[in-house]
Each structure stands twice: as structure tokens, then as C-alpha cells.
Amino acid sequence: MRRRAALAALASTALAGCAKPAEWQGGWVGAAHERGHRLKGGALPAAAVQRRAAVLVVGAGIAGLAAARAFVRRGVDDVQLLELEDAPGGNSRGHVLAGQRCPLGAHYLPLPGPQAREVSEWLHEIGLLRHELGRTVADERHLCHSPQERLFIDGAWADGVLPPAEPASPTLAQYRRFAAAVARAQALGFALPSQRAPWTPAHAALDAVTFEAWLAREGFDDARLRWYLDYACRDDYGAGPGTVSAWAGLHYFASRHGFHAPGDDTAEREPVFTWPEGNAWLTDKLSAPLAGQLHTGRTVLRVAEQRHGVEVLAWDEARAQAEAWSAGTVVLALPLFAAARVLQDPPDTLRAAAAQPHAPWLVANLHLARPLLDRPGAPPSWDNVPFGARGLGYVDASHQRLDPSPGPVVLTAYHALPAAERGALLEQGWRHWAGRVVDDLAPTHPDLPGKVERIDLMRYGHAMAVPAPGWRGHPALAALRAQRGRVRFAHADLAGYSVFEEAFSAGSAVAG
Ligand SMILES: Cc1cc2nc3c(=O)[nH]c(=O)nc-3n(C[C@H](O)[C@H](O)[C@H](O)COP(=O)(O)OP(=O)(O)OC[C@H]3O[C@@H](n4cnc5c(N)ncnc54)[C@H](O)[C@@H]3O)c2cc1C
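Residues numbered from 1 in each chain as written. Predicted model: local features only at pLDDT ≥ 70, side-chain atom pairs only at ≥ 80, totals over all residues. Heavy atoms only, no water.

### Digging into the overall build of the protein
So, step 1. A tally of regular secondary structure across the protein gives 17 helices and 21 strands.
So, step 2. Computed over its C-alpha atoms, the radius of gyration of the protein comes to 23 Å, within 12% of the 24 Å expected for a compact globule of 512 residues.
So, step 3. Dimensions of the protein, computed from the C-alpha atoms along their principal axes, are close to 70 × 55 × 50 Å.
So, step 4. Within the protein, buried positions represent 56% of all 512 residues.
So, step 5. Partitioning the intrachain contacts of the protein with sequence separation of at least 6 by distance along the chain shows that 75% fall at a separation of at least 24.
So, step 6. Summed over all atoms, the accessible surface of the protein reaches about 21,100 Å², with 53% contributed by carbon and sulfur.
So, step 7. If the 51 positive side-chain charges of the protein are averaged to one point and the 52 negative ones to another, these points end up 3 Å apart. (Helix = DSSP H or I, 4+ residues; strand = E, 2+ residues; numbered from the N terminus. Rg over C-alpha atoms; globule rule 2.2 N^0.38 Å. Buried < 20%, exposed > 50% of the residue type's maximum accessible area, 1.4 Å probe, protein only. Contact = heavy atoms within 4.5 Å. Areas by Shrake-Rupley, 256 points an atom, 1.4 Å probe, with all protein chains shown as cover. Lys, Arg positive; Asp, Glu negative; His and termini not counted. Charge placed at Lys NZ, Arg CZ, Asp CG, Glu CD.)

This is the structure in C-alpha cells:
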């Protein structure tokens, strides 16, 4: 308690002495939300231009880009993409701040496991993976450098994000018991993409209750374990254990590396691919071969299936005119609630799926005048997480820079927000949210407010599907995944939650 009080006093002194929020530069980045809100209704404009495509992909996020790639690989040469934003990538876009590349959303991809076949195959194609003496080897230049992650707790930085536990403490006992529960779940079958795992009554039972209810039932009540699980759920799903299902809470660990209590010598730090600009690096690789077929700044307003094809009406944001497209096949690579708005006479399955809950997110890129002073403990890492903060901490975009000469300091801070804050995210100004981001980090870094030069904020009203109880096994999602008519669906929403592997495999499957 004494340490915390001293830290709070230090933080408030620093805020009083050096903070200069009025001098911070910055603003919102990404397309104005008015573009998305064009889908909310009103009279449709008359088209000034008429165009055709064999396959038209609506939405150039990871799923849409993977879908276009899959059709091209099947020999369809006239594949075109329409994207609302001025750049492809959706949640996997990047930004440049003070000359330093940084993420606007997704920032890493774990080494794919055996079930993520399409992702592995593509990573081989672009040279990130290779076969060597019968083993799969990753190109180390693209793996996260050490030190990877640290947690600010009890006045010092600790290595890793799992809060430390004393030997023979109740915390350690619960860590070990939770590790055993995850191992049992792994025996049940979990995979990434999740559709490649079996779906049994035991899985359905986990999908029927919240993770919170499951943890309480199993007697997991240790405060440190609970903090860590809350952090992990907010980090991956945008919502905590009280909102996501027990299936989702276990899937996070069971589909990947498991859960390892301190002292477990089978524990290995999971290697992850990352870049200064996060997964925008992957977006660039995926979109480059499609450059001539990609039409950005096109907000699709209406998709209507006809007897001999599909008619699509898009708004060209730069020319302020409508374009009419005719296509043999249309792939809706949009969040499902957006697909339900643009598709004329949506099927009942899509109407049902449109009710899927989504989490709002705020991503802040902060340019600092100088590096931060550090506190005792583990050294500055790629991912830096303050215990008990409202946000999820920050990633250091400069950490992955291969050029050793000193460059600008750019930190990317992540906030998964409760759905109740969606309105405030749109209505409150940049200064309010920039202040909140800095306030969240200042107790850990009292010198931060005085070093901020610029803060660029990206807001996502509906960033990612939240795997609330009932969504993983929802029959509407299964029906939309199987749809192979003229209008098809490809988006991470089809999995009930959002990660690169789900988006990429949903896109790859749609050309089949
Ligand atoms: C802040 C944040 C951090 C994340 N971090 C990670 C991470 O580190 N690793 C990871 O694996 N995953 C992460 N994710 C999950 C991420 O969502 C997925 O990795 C993936 O990018 C989802 O791709 P998608 O194509 O399914 O969806 P989206 O990214 O939602 O793509 C949909 C596309 O459709 C476009 N669109 C929407 N409406 C229209 C319209 N009417 N007309 C035309 N185009 C339209 C959108 O602009 C967008 O480009 C993160 C997500 C967020 C929000």
C-alpha cells in the first residue's frame, strides 16, 4: 500500500509539474464514421458509372483480401475489391507517426499451428516460413525480439504478463490448477481456426455459460489469476470473463500454447511475428498482388441478388458519385451486421447473425519527445502492461526496428471499451480520449504526460465480435459459413470472434 501511495503521489506531482495537454498535437485517424453511417438508410443515389466483375469482394480486410487471393488462385482473372476506407486492411491497417510506422489495430500473429493450413501455406509463399531438414523454421527477422513482455506490479516491472506468485502460495496453487484445467480442455479438442476442432456436447456446455460463471463454479477466485484472465479476455475478445463464454475463455489458451504456471519447465514463450506497423505488414503483402483490382474509398450501399447475377451500388467517396457494379459472385467480407444492412432481403440466418455483440476499441499512437524514464525490474519490452489499468498497456513500435540508429519513440496503447462507451467514443472529442489514454499510463510512467508530442487516435465503434455465450455454436454462423450461392460471406465474425487466422481462413474458404 505504501508503495502504491508513493507511486500515486509521484504521478500527481509529475502531472501537475510537466503535463501540457493543451500543447499536445494530434487528432482522429481513419475514415470519418459518416462513411459507415451511410448504410443506415436514406434514398439511394443514381449511379453515374456502370462496371462489371466476375467476382466482386466487398471489404478489403484480411478476410476480403484472402478471398480475392483464393479466387485468383482458382483461375478467376476478373476479381475486383471495393473498400470503404482509403487503404486496405480493415482492423489490420497501419499508420506513420513522426516518420515511424506503427499499428492502427492488429499488431501480431503467433506462429501458426498445424490446423491453420492456409495461413502456413501463405507464410511459406511470402518467405516467413521455410522447411529445413524436415522442420518448419520461421524467418527470425520477423519474430518479436526479446524482451517480449512485462507487467508493472507492486512498484516494479516483472518479466511476462502473468502476475508473479510466491512459492507455495495460494496463487501458485490456483495457477497450477488452472493449467491442469486447460490441459483437460486441450484433450477435449481446441483448434485455430476453431472450426477445425471437434464440437461435442462438452464444447456446447462450455459455450452456454459465461467464463465468469465457470471460474466461480470451479473455485478459481485468486485475485491475480482473475486479473490475468480478465486481461487475456479483454485483449483477445474486447470483453471480460463476465461477458465471454467459458468456451472462449479456455479457447484462448487451449487452442494455442496452453497455460503454464511459473516453474513449469515445459513452458516456452510463444514466438510471434510482429513488425513496427503490426499486421499492416501482412496486409501489404496480401494486397500488393491485388493492387490493380482494389478500389478504395468505395462505400457499398446496396447489394441485390438478381436472377443472372448480383447488382452492387457503391459510393465513390473521392468523386462523390455512385457506381453500379454487376458481378457473377459477390463476397461480403464485412462485419455481419453491416452485411445485413447492405444486402437486400437478407436471409433469416444473416438477420440472426447481425445481432452478434461487438466491442468498441480505441487505439492511440503516442509520439514522445524522448524515451521514458524506466522503473526497476524487467527492461523495456515490446508489450508493456500495467497491472490494474483500464487499458491493456502499450506496445513499443520502435522495438522491432531493425535499424540500430536512434529514432522517434512511438508507443501504441490499446483500450477495449465496454459497449456502453460506444456512444461516448463517437461523441466525446479527441482531447477527452487522448487525456484518458495518458491518465491510464501516467501512474506507471509519471514522465509520460510531459513528453507527449502528438497523439493520433483510431476509434472502432464495432471492432470485433465478442464470443458471448451461444455464439460459437450459433446455427446462423454455421449456415452463413456454408453458403455457396451468388452471395457468399467471409469475415472473422463467422467464427464468433476475431483473429488473423479466422479472418484468413474464412476468406480462403469462400472460393471453394
Ligand atoms: C484494435 C484491434 C487489435 C487487434 N489485434 C489483433 C492482433 O494483434 N492479432 C490478431 O490476429 N488479430 C487482432 N485483431 C483482430 C482483427 O480484427 C483480425 O486480425 C482481422 O484483421 C479481421 O479481419 P476481417 O477481414 O475479418 O475484418 P475487418 O478488419 O473488419 O474488415 C472488414 C472490411 O470491410 C470494410 N467495410 C465495412 N463496411 C463496408 C462497406 N459498406 N463498403 C465497403 N467496405 C466496407 C471495412 O472498412 C474493413 O476494411 C485486432 C482487432 C482490433 C480492432
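Here the narrative resumes, following the displayed structure.
### What to know about the site of the ligand
So, step 1. Around the ligand sit 32 residues, and of these Glu83, Asn91, Ser92, His491 and Ser498 come closest.
So, step 2. Measuring from an oxygen atom of the ligand, one finds a backbone N or O atom of isoleucine 62 at 3.1 Å.
So, step 3. One of the backbone N or O atoms of leucine 84 is found 3.1 Å from a nitrogen atom in the ligand.
So, step 4. For the ligand, the accessible surface in isolation is 1,000 Å², of which the surrounding protein chains cover 94%.
So, step 5. Of all the elements in the fold, those that place two or more residues in the shell around the ligand are helix 3 (62–73), strand 13 (298–305), strand 16 (358–368), strand 20 (452–465) and helix 17 (500–509). (Near = heavy atom within 4 Å. Polar contact = N/O pair within 3.5 Å; in protein donor to acceptor, adjacent residues only side chain to side chain.)

### Structural notes on the nonpolar core
So, step 1. One finds Phe178, Phe211, Trp214, Leu250, Phe253, Phe259 and Trp361 to be the most contacted residues of the largest nonpolar core, which totals 59 residues.
So, step 2. Lining this core are residues from two domains, each supplying at least three of them: domain 1 (34–86 + 296–357 + 467–509) and domain 2 (164–270).
So, step 3. Look past the residues within four positions of phenylalanine 211 in its chain and what remains in contact with it is Phe178, Leu229, Cys233, Pro241, Val244, Ser245, Ala246, Gly249 and Leu250.
So, step 4. In this structure, Ala66, Val79, Trp281 and Leu294 belong to the second largest nonpolar core, which totals 38 residues. (Core = buried A, V, L, I, M, F, W, Y, C linked by side-chain atoms within 4.5 Å. Domains from an automatic or database assignment.)

### Overview of the domain arrangement of the protein
So, step 1. Per the domain assignment, the segments making up the protein are domain 1 (34–86 + 296–357 + 467–509) and domain 2 (164–270).
So, step 2. In this structure, domain 1 and domain 2 have C-alpha centres spaced 34 Å apart.
So, step 3. At the boundary of domain 1 with domain 2, total buried surface from both sides reaches about 1,300 Å², with 57% on carbon and sulfur atoms.
So, step 4. Three residues, Pro467, Pro469 and Arg472, lead the burial of domain 1 against domain 2; their summed loss comes to 47% of the area buried on that side.
So, step 5. Across the domain 1-domain 2 interface, the total number found is zero salt bridges.
So, step 6. Taken together, domain 1 and domain 2 are joined by seven residue pairs in polar contact (both at pLDDT 80 or more).
So, step 7. For the side of domain 1 that touches domain 2, the leading source of residues is helix 17, giving three residues.
So, step 8. Taken together, the residues of the side of domain 1 that touches domain 2 sort by class into seven nonpolar, four polar and four charged. (Buried area = accessible area lost by both parts, 1.4 Å probe. Salt bridge = Lys/Arg side-chain N within 4 Å of Asp/Glu carboxyl O. Nonpolar A, V, L, I, M, F, W, Y, C, P; charged D, E, K, R; others polar.)

### Quick look at the pattern of salt bridges
So, step 1. Applying the stated criterion to the full structure yields 21 salt bridges.
So, step 2. Between arginine 101 and glutamate 277 there is a salt bridge whose closest N-O contact spans 2.8 Å. Of this pair, arginine 101 sits in strand 5 (residues 100–103) while glutamate 277 sits in the loop between strand 11 (272–273) and helix 10 (280–287), and the two are 176 residues apart along the sequence.
So, step 3. The residue arginine 196 makes a salt bridge to glutamate 118 at a minimum N-O spacing of 2.6 Å. Here arginine 196 is found in the loop between helix 5 (170–188) and helix 6 (201–207), whereas its partner glutamate 118 is found in helix 4 (residues 117–125), with 78 residues between them in sequence.
So, step 4. A relative accessible area of 18% places glutamate 118 in the buried class.
So, step 5. Via salt bridges that share partners, Arg69, Arg73, Glu121 and Glu125 belong to a single interconnected network.

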